Amino acid sequence: MSRLKINLSVAWIPYVLAIGLFVFTVCFTRKSIVIVFIALISLLLLILLKNQSVITKSLFAHMGVVSASLLVVLSMIIMVNAAILSIWEDTSNREELTVETTMPYKTQIISTTLPSEVNNRSLYHKHWYINPIDGVMLNGKRTYPLIYSTDLNRYGKYCISGDAISNDSVIIGHVLARKADAKVGSEITINGKRLHVTHIAETEQYAGMMIYISDSTFKKVFGMTGNVFYGTDLSGNEVKKHFKTNKIQTRADYRKYYRNSMSQIILTLYSIDFLILLVGVFIAYKIFAIFINFIIWKLNMLRGFGMSFKEYAKAVSLQYLAIIGSAFYVVVVVFDRFSGLLTDLIFNTTDSYFPITYNLFFFVITMIEFLFVIGIVILLSYKNICKESIYQQYLHTSSER
């Protein structure tokens with residue numbers, strides 16, 4: 001009777017572990033995607049604990065150190081992979097905002113004067129831009145933004161703080177504000193002139209390191225110094241009739257340029273991600289190979305007694321899935337802290353703000369990649385099995401005893 005009670009209590013352990021993991025996660029976070037994913041991990045662990053085959057128990061009875069090593073390695077790979085995928089997704093989603101905030105007019109022309117044959121001169125708006133060599137002092141910190149005179153009303157819908165826009169408004173990009181810990185009301189000194197931030201806008205022009213002011217404010221600060229350009233809402237074809245220059249750029253032109261630039265960035269990110277995956281395969285296989293070499297005699301015995309490749313692959317897959325599931329759990333617990341540190345590191349070194357986050361897309365892509373890792377590990381580890389005869393296996397087993 002006592003043995004029956006012990007067996008019944010042991011049988012409940014998988015349920016307690018799975019439910020405990022899920023309850024702890026719900027208490028730790030309110031993110032629905034994390035809760036759903038951890039629920040799936042809990043279910044996976046429950047299945048593994050309840051349905052271990054004789055082969056699985058025999059192969060992995062003493063895999064504690066290897067499991068812990070793989071857990072650490074795979075957790076790090078998942079977090080780095082998440083960062084790369086997050087940057088890639090964020091870069092892809094910025095196209096519309098980047099094009100619209102960089103090109104507030106349909107067409108822009110780099111030219112100091114309007115040709116004499118231009119009739120509707122009122123349709124062309126003259127502006128200036130400058131990138132001060134000495135930078136500007138914003139909230140007591142020296143920064144190096146691009147200063148852009150423009151029609152400020154065109155940036156009104158992008159402002160995330162501040163009141164109504166006027167001719168005296170000073171709008172700064174959200175990345176610049178983060179860089180200098182600035183807010184509405186912060187003092188800004190440009191070319192010796194003191195101004196105050198009136199608005200913060202979510203723009204992607206110059207990676208968000210922008211200062212937008214009116215033409216009149218620009219003249220007060222810089223006089224007539226600066227690079228001149230004209231903006232118009234006329235189409236590129238209409239403008240090209242009057243300007244004999246190749247410095248005409250339309251929104252379509254800039255969108256094409258942006259997409260080409262992003263294609264190169266995405267290709268680079270994909271290459272880095274693929275390299276990380278290869279490194280992950282190599283490390284995972286090497287760690288696993290050490291364990292396989294340690295129990296090779298047992299594997300050969302099982303192979304000699306009829307263990308098929310399918311049975312071996314299933315045992316390894318289940319074990320790896322349990323480790324990967326645990327690694328995902330570690331990541332979702334520590335990722336908020338890790339993502340904040342990595343976001344700040346990228347921002348402080350490049351002045352580019354990429355908020356590192358995770359979502360369903362990240363989980364799906366990463367799991368697909370790790371299924372590839374599992375397949376490679378299974379194939380590479382299985383090829384070394386059963387190189388001895390049954391008699392040699394018996395002698396090896398006898399000597400171990």
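Parameters and conventions
- Residues numbered from 1 in each chain as written.
- Predicted model: local features only at pLDDT ≥ 70, side-chain atom pairs only at ≥ 80, totals over all residues.
- Heavy atoms only, no water.
- Salt bridge = Lys/Arg side-chain N within 4 Å of Asp/Glu carboxyl O.
- Helix = DSSP H or I, 4+ residues; strand = E, 2+ residues; numbered from the N terminus.
- Buried < 20%, exposed > 50% of the residue type's maximum accessible area, 1.4 Å probe, protein only.
- Arc of directions from axis to C-beta.
- pLDDT = per-residue confidence, 0-100.
- Contact = heavy atoms within 4.5 Å.

## Overview of the pattern of salt bridges
Okay, so step 1: Scanning the model with the defined rule gives 7 salt bridges in all.
Okay, so step 2: Here glutamate 96 and arginine 255 are joined by a salt bridge, their closest N and O atoms 3.1 Å apart. In this pair, glutamate 96 is assigned in helix H6 (residues 95–102) and arginine 255 in helix H10 (residues 251–294), connecting sequence segments 159 residues apart.
Okay, so step 3: Between aspartate 233 and arginine 154 there is a salt bridge, with its nearest N and O atoms 2.9 Å apart. A residue pair is termed long-range when its members are at least 10 positions apart, and aspartate 233 in the loop between strand S12 (227–232) and helix H9 (236–240) and arginine 154 in the loop between strand S5 (146–149) and strand S6 (159–161) qualify at 79 residues.
Okay, so step 4: A single network of salt bridges, built from pairs that share partners, joins Glu95, Glu96, Arg255 and Arg259.

## Regarding the environment of lysine 157
Okay, so step 1: Within the secondary structure layout, lysine 157 lies in the loop between S5 and S6.
Okay, so step 2: With relative accessibility at 65%, the residue lysine 157 sits in the exposed group.
Okay, so step 3: Along the primary structure lysine 157 and glutamate 202 are separated by 45 residues, whereas in three dimensions their C-alpha atoms are 9.2 Å apart.

## A few points about helix H8 (residues 215–222)
Each α-helix winds once per 3.6 residues, and so residues spaced three or four apart point in a common direction.
Okay, so step 1: Buried within H8 are the following residues: Thr217, Phe218, Val221 and Phe222. What you see down the axis of H8 is that its buried residues fit within an arc of 105 degrees, all on one side.
Okay, so step 2: Of the residues trailing H8, glycine 223 is marked for its positive phi of about 70 degrees.

## Side note on unusual backbone geometry
Okay, so step 1: Phi at asparagine 139 is positive, roughly 55 degrees, even though this residue is not glycine.
Okay, so step 2: Backbone geometry places tyrosine 206, a non-glycine residue, at a positive phi of 55 degrees.

## Observations regarding the confidence of the model for the protein
Okay, so step 1: Per-residue pLDDT for the protein averages 77, and the proportion of residues at 70 or more is 72%.
Okay, so step 2: For the protein, helix H1 (residues 2–11) is the element with the lowest average pLDDT, namely 42, and strand S10 (residues 199–201) is the one with the highest, namely 95.
Okay, so step 3: Confidence drops under pLDDT 50 across residues 1–11; counting only partners more than four residues distant or on other chains, this segment forms 1 contact.

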